[in-house]
Amino acid sequence: MREIEGSKPSSLGRRLPFARLSRRWLIVMGAVVAVALGAALAPWTFSTSALLEEISGQLNSSAGLFIAAKGRSTFSVLPRPHITIDSIAFADPTAALTIEAERLHGNVLLLPLLAGRLEIADIELVRPAIEIDLDRKPMSAAGAAVRAAAARPSTAAAEKADRARLGGVAIVSGAAHVKYAGGEETLRDIEASLDWRTVGSPATLDLAFSWRGERPRGTLWVLKPGALLRGEQTPVAVRLDSDSLRAEAEGFGQLGAKPRYMGRLTASSPSLRHALALADVSAPLPGPFENVQLSAKASVGLRDFQLTDLKLSADDNEFEGSFGLRHEGDKPIVHATLASNYVSLKPMVADLPPLSGADGQWSRDAFVLPDIQNADVDLRLSATRARVLRLNLEDAALSLLLRGGRLELALAEASAYKGTVKGRAIFAANAAGALEFHANAQLTGVDAGALAWDAAARPDLGGALDANFTLDATGDSVAQLMRDLDGRATLTLSEGEVDGIDLERALRRIDKRPLSSAMDIRSGHSLVDRASATIKIVKGTANIEDGQAHGPGFALAFAGQARIPERSLAMKAQANEADAAGKPREKGVQIGFDLSGPWDDPVFAPDAAALIKRSGAAAPLLPRVEPGAVETLTKDR
């Protein structure tokens, strides 16, 4: 222990010089590190031209842009090497693209920096003002992307072009003014980031901006951008999210001479009309097209748009089929073939003007005709069940054809109310701006009772109805159309009945109780074996001709007029006693009556004088006619 204790001082004495030397070195090394850290942490101010000279060549090689700056520039090592340049501007040689930013932040690659080279990994532009003129083709020939596009596919030149280094670009609080043929757009509050390391590596663009009261957000991903630029197919994915439209697409895209996308497309919109109007697209859609959901295989080019395996829902209707859009010059050509298990056509006629005004008469409001001259549409629709307002159809084949400003709506054929229905209506604007209307319809074996109830909520008619209509009119309002209406109609009712009138009972009891026959005729119902009439319409006046009906115990003849503009009716009828088969008896009794007034609620008036005359008790109440008076009255008439 003593030896050990004795040896401690000498041992300590031998280590003291080393300890003093170590401390001195530590102090020196600490000072050096402190200076280095301070230098790294403190930004170094460089000449702007010096930094621009270093990075100008890189940006010109990658993007084909020239650079100018007015503000100061700084370079910092920590927390990672980066540069900052104030008041910087970029432009391509033709000035089709110019960018003026308040500040540029750029991250510098570390390994090239250690080797004495300043290489930018990515940049951030703060509050840039961007001007783009698409008519001048803003992609410079000096850019790496253009060089890659010019290389032939699957060649060494293409592989070399794909290795060209790019980087990342971010935009913070930017604004862009875009000019194109016939218009311009302004995008504000742009937030964007582009991650594209080399021309051939996957590229991702995230973008958000404010535009026309909305803030769309979008994402674009491309697996091989170089191949895309050379016109080769490569996987792409696109997503757009805004208040008016949401869309996603995954498939294959190509640029070059024939740009095209092919793949799956899904989209939704609360109002497709509003979404198209935002893009200044006026589409002749048959209906409001609200709550739209779409899924399809898509093939999209610059001038055509094809959807197959389409599933579409709009306005609470669901369809399957195909859709196509192409352009001939500036005119869009639309064609679609759709099928549905059930479709309500009410939304498709929602834009039609009301037939009646607040006063219950025909509407006198002037038509506001849409401009349908600049589009062609061919829409075919088949529906297992269809509903038009309150009318129900089955196995309906409908079409909408728009060509040269002429709109044709057709029901090729449908089953309805135990019969068949066909119809066609044509609308066009004439040179004076008035609407020309032509229509025809055919009903065969239709249940008149069910049709009358659904069409007008009237339960007073039954039987099998055959009818043909042809109508023509021109006018600038519904009221004018009714005043100008011409046409022809034939009606035939078989094995039917008419409620509210009992002709057989009235005729049977007229001899015994002639005055009460006026009450008898307005009760019960009349069975009709067959009834028919021909209607000729001239300038709004419908002349009812050759009207006849027969049934058990009666034969009826009727004629008159219906004033369509005034919605009024004036008819005369005479019922003759008949046998059970409806054949008039030679000396059978007769009853005459009038039907007149508003056609919604006409007044039924029996020939009171004839009934009183038949009544022995009431006959003396009639005025006495002197001999020869009838002859004189006839001559006066």
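Since we're looking at a predicted model, the values are computed, not measured.

(A) Looking closely at the overall build of the protein. For the protein, the helix and strand inventory stands at 13 helices and 31 strands. Accessible area of the protein: about 36,600 Å², with a carbon and sulfur share of 58%.

(B) How the structure looks around the pairing of strand 31 (residues 603–606). Bridge count between strand 30 (residues 590–598) and strand 31: four bridges; the pairing is antiparallel. Across the sheet, the residue bridging to L595 is F604, located in strand 31. Turn length for the strand 30-strand 31 hairpin, with the two strands adjacent in sequence and antiparallel, is four residues.

(C) Broad picture of unusual backbone geometry. The residue R212 is not glycine, and still its phi comes out positive at about 50 degrees. Assignment of secondary structure puts R212 in the loop between strand 10 (203–210) and strand 11 (217–222). Judged by relative accessible area, R212 falls into the partly exposed class, the value being 36%. The phi torsion at N291 lies on the positive side, around 55 degrees, for a residue other than glycine. Mapped onto the fold, N291 is located in strand 15 (residues 290–301).

(D) Looking closely at helix 8 (residues 448–456). Every buried residue of helix 8 is accounted for by A448, G449, L451, A452 and D454. Where helix 8 is buried, its residues meet strand 20 (391–403), strand 23 (435–447), strand 24 (461–475) and strand 25 (486–499). Looking at where helix 8 begins, the residue whose side-chain oxygen comes 3.1 Å from the main-chain nitrogen of G449 is D447.

(E) Up close: the side chain of D454. Considering the arrangement of structural elements, one finds D454 in helix 8. We note that D454 is buried and unpaired, the nearest opposite charge coming from R390 at a distance of 4.9 Å. A polar contact of 3.5 Å, which involves the side chain of D454, links it to the side chain of N392. Engagement of the side chain of D454 in a polar contact is seen with the side chain of Y417, the distance being 2.6 Å. Setting aside residues no more than four positions away along its own chain, D454 makes contact with R390, L391, N392 and Y417.

(F) Representation of the packing of aromatic side chains in the model. The tally for this structure, following the rule as stated, stands at three aromatic pairs. Judged by centre distance (6.5 Å) and plane angle (80 degrees), the rings of W362 and W599 are edge-to-face. With a gap of 237 residues between them, W362 in the loop between strand 18 (331–344) and strand 19 (376–388) and W599 in the loop between strand 30 and strand 31 connect regions that are remote in the sequence. The class for W599 is partly exposed, based on a relative accessible area of 30%. The residue whose ring lies beneath R567 is W362, and the NZ or CZ to ring-centre distance is 4.5 Å.

Cut-off values and rules
Residues numbered from 1 in each chain as written. Predicted model: local features only at pLDDT ≥ 70, side-chain atom pairs only at ≥ 80, totals over all residues. Heavy atoms only, no water. Helix = DSSP H or I, 4+ residues; strand = E, 2+ residues; numbered from the N terminus. Areas by Shrake-Rupley, 256 points an atom, 1.4 Å probe, with all protein chains shown as cover. Pairing = 2+ DSSP bridges. Buried < 20%, exposed > 50% of the residue type's maximum accessible area, 1.4 Å probe, protein only. Contact = heavy atoms within 4.5 Å. Polar contact = N/O pair within 3.5 Å; in protein donor to acceptor, adjacent residues only side chain to side chain. Lys, Arg positive; Asp, Glu negative; His and termini not counted. Salt bridge = Lys/Arg side-chain N within 4 Å of Asp/Glu carboxyl O. Phe/Tyr/Trp six-rings, centres within 6.5 Å; stacked < 30°, edge-to-face > 60°. Lys NZ or Arg CZ within 6 Å of the ring centre and 35° of its normal.

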